[in-house]
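These are the residues of each chain, in order.
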Amino acid sequence: MTKQTIKIVLNKNKKEKPEAQQLEFGKVFTDHMFISEYTEGIGWFDHQIVPYEPIAFDPAATVFHYGQTVFEGLKAYVDKNGNVRLFRPEENMKRLNLSADRLCMPRFDVETALEALKQLLIIDREWIPSLEGTSLYIRPFMVATEPYLGVAPSKKYKFMIILSPVGSYYKEGIKPIKILVENAYVRAVSGGTGMAKTAGNYASGLRAQEIADQKGYSQVLWLDGIERKYIEEVGSMNVFFKINGEVITPMLNGSILDGITRKSIIELLHHWKIPVIERKISMKEIKDAIYSGELEEAFGTGTAAVISPIGELNWNDEKLSINRGLTGDISKRLYDTLTGIQNGDVADPFGWTMQIDNPVPVQQII
Ligand code: COI
C-alpha cells in the first residue's frame, strides 16, 4: 500500500467529557474517528479523521446479512509525565489482518493503521482518562459495505477506528468474578472462526451469556465444541489456572482467541521463572484440583478485562469456590505489573509500550 495522506476534518461541536469516576465500559465516544474506504481493484483510499458521527450504509451491505466484519480492542494510557502510551498496538493490527484473512476481507497496512491511530489520539488526547483503572479503549474494525445479497466476499469495505474512555469492564472492578460453565451451547470449533475477532463469535455467545446473567454470573466459560470437556475461554477473556505451583492455560487450537494479554502474561510468568504451561485442560481436572485443594487461583485475561480473578465456577449447578472467593497472589502481581507497564509506572523490559510523545505531522487539516 503506498503512503497516503490522512485528511483531517476537526469537530467544531465538541462533546462534554464524562467524569473519570463515572466511566463504565464502551458507552461514550470521543469527538473524532478514523475512516478509510476499500474497493476491489483500487485498494484502500480516502483516509480521513472526521467528527464522530453516525454513517450511512446501504441496507443491502454484506455486513448486515452475512456478518463479514472483524474488530480489535486495545488501550491508550497517559503516564505521569503526560505522555500517551499504547500497549503492543502492532500486535492488534496484525491480528486484525489475520481475522480479515479468515473472513475473506482485505488486509489494512499495519503501519498506516498505526499512523492513523497516533494522529487520532493526538487530536482526541484530552479524552484519555488518567484515573487509576481507567483508559481509552480503542476499537479498530472493518466492515463489508457492498450492496449485494449473494453470498460472496464483498468488493467494498470500510476500516474505522473509534475511541471510548472506559472504566472497569466488570461491575465487580478487579474483585473476583463468578463464572458459569456452559454445557449446552458452544462458542466455536477448530476450523471455524473461533481464532478470529469477528462479530459472529460474540453474537453466538449472547444466549448463554443471558442465561448466566439471569443466574447471577458475570461470564460464561466455554468448553470445546466436540467433547464439551476441555476448557476453551471465557466470554471476553482467555483463562488461566494455578494448580500445584504451575500456571496452566488452554493451548491455542484454532478455536481459541490468541489473546495479546494472554501472550503477555505467559511472557511475564516466564520472566519471573514461574512455570507456565499451554495444554489441553478438562473441566473435570479443574474440579478435581478444587476438591483436592491443589487449585490455588484462577484468572481471566483480556484487553478490556485486563486481569480478572475468578472466585467461583458453577458447573452442572455445583458451585466450585476458588481461593475462598479471594484475589490470588499471582493475579494481583500480574494485574499490578501489567497495568504498571501499560501506564508507565513500572519499567517495561519487554519493549511492549509505544510512547506517543511528539505530535506526528498532520498532513491536511480542514
Ligand atoms: C477486548 O478485550 O478488547 C475484547 O475484544 C473483548 C470485547 C469483546 C469486550
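In case you missed it, the structure is sitting above this.
First things first, this report covers the structure right here in the doc. (Residues numbered from 1 in each chain as written. Predicted model: local features only at pLDDT ≥ 70, side-chain atom pairs only at ≥ 80, totals over all residues. Heavy atoms only, no water.)

Remarks on the overall build of the chain
Filter applied, for reference: Numbered from the N terminus, helices here are DSSP runs of H or I no shorter than four residues, and strands are runs of E no shorter than two. For the radius of gyration, the atoms used are the C-alpha atoms, and the globule rule reads 2.2 Å times the number of residues raised to 0.38. Burial status follows relative accessibility: with a 1.4 Å probe on protein chains alone, a residue under 20% of its type maximum counts as buried, one over 50% as exposed, and anything between as partly exposed. Every residue pair with non-hydrogen atoms within 4.5 Å of one another is taken to be in contact. In this description, accessible areas are obtained by the Shrake-Rupley approach with a 1.4 Å probe, and a residue is regarded as covered only by the protein chains that are shown.
Counting its secondary structure elements, the chain contains eight helices and 19 strands. Its C-alpha atoms give the chain a radius of gyration of 21 Å, within 12% of the compact-globule value 21 Å for 366 residues. Seen along its three principal axes, the alpha-carbon backbone of the chain occupies a region of about 65 × 55 × 35 Å. In the chain, which comprises 366 residues, the share counted as buried stands at 52%. In the chain, of all internal contacts separated by at least 6 residues, the share reaching a separation of at least 24 is 72%. Looking at the chain as shown, the accessible area adds up to about 16500 Å², and 51% of this sits on carbon and sulfur atoms.

So, the environment of Asn183
Condition: In protein, a polar contact means a hydrogen-donor-capable atom and an acceptor-capable atom, both N or O and within 3.5 Å, with residues adjacent in sequence counting only if both atoms are side-chain atoms; elsewhere, any N or O pair within 3.5 Å suffices.
Structurally, the position occupied by Asn183 is in the loop between strand 9 (177-182) and helix 4 (199-203). In contact with Asn183, not counting residues within four places along its chain, are Leu223, Arg228, Trp315 and Asn316. A distance of 3.2 Å separates a polar atom in the side chain of Asn183 from a polar atom in the side chain of Trp315.

Concerning the site of the ligand
As a reminder of what qualifies: Residues are classed as near a molecule or strand on a simple rule: at least one heavy atom within 4 Å of it. Under this grouping Gly is polar, as are all residues other than the nonpolar Ala, Val, Leu, Ile, Met, Phe, Trp, Tyr, Cys and Pro and the charged Asp, Glu, Lys and Arg.
Close to the ligand lie Phe71, Gly73, Tyr137, Tyr169, Lys197, Tyr202, Ser236, Thr303 and Ala304, which account for all nearby residues. Tyr137 is positioned with one of its side-chain polar atoms (N or O) 2.6 Å from an oxygen atom of the ligand. A distance of 2.7 Å separates an oxygen atom of the ligand from a polar side-chain atom of Lys197. Coverage of the ligand by the protein amounts to 91% of the 280 Å² it exposes when considered alone. When the residues that make up the shell around the ligand are grouped by side-chain class, the tally is five nonpolar, three polar and one charged.

Comments concerning the side chain of Glu297
The condition that has to hold: Neither His nor the chain ends is counted toward charge; the positive residues are Lys and Arg and the negative residues Asp and Glu. Whenever Lys or Arg places a side-chain nitrogen within 4 Å of a carboxyl oxygen from Asp or Glu, that contact is recorded as a salt bridge.
Tracing the backbone shows Glu297 in strand 15 (residues 295-302). Buried within the structure, Glu297 lacks any salt-bridge partner; Lys242 is the closest side chain of opposite charge, at an N-O distance of 4.7 Å. There is a polar contact of 3.2 Å between the side chain of Glu297 and the backbone nitrogen of Asp329. Of note is the side chain of Glu297, whose polar atom sits 3.0 Å from the backbone nitrogen of Ile330. The residues touching Glu297, leaving out its near neighbours within four places in the chain, are Phe240, Phe241, Lys242, Ile322, Gly328, Asp329, Ile330 and Ser331.

Digging into the pattern of salt bridges
Tallying each qualifying case throughout the model produces 18 salt bridges. When the shortest N-O distance is used, the salt bridge between Lys263 and Glu91 registers 2.8 Å. In this pair, Lys263 sits in helix 6 (residues 260-271) while Glu91 sits in helix 2 (residues 89-102), placing the two residues 172 residues apart along the sequence. Residue classification places Glu91 among the buried residues on the basis of a relative accessible area of 18%. Between Glu285 and Arg279 there is a salt bridge, with its nearest N and O atoms 2.7 Å apart. The class for Arg279 is partly exposed, based on a relative accessible area of 26%.

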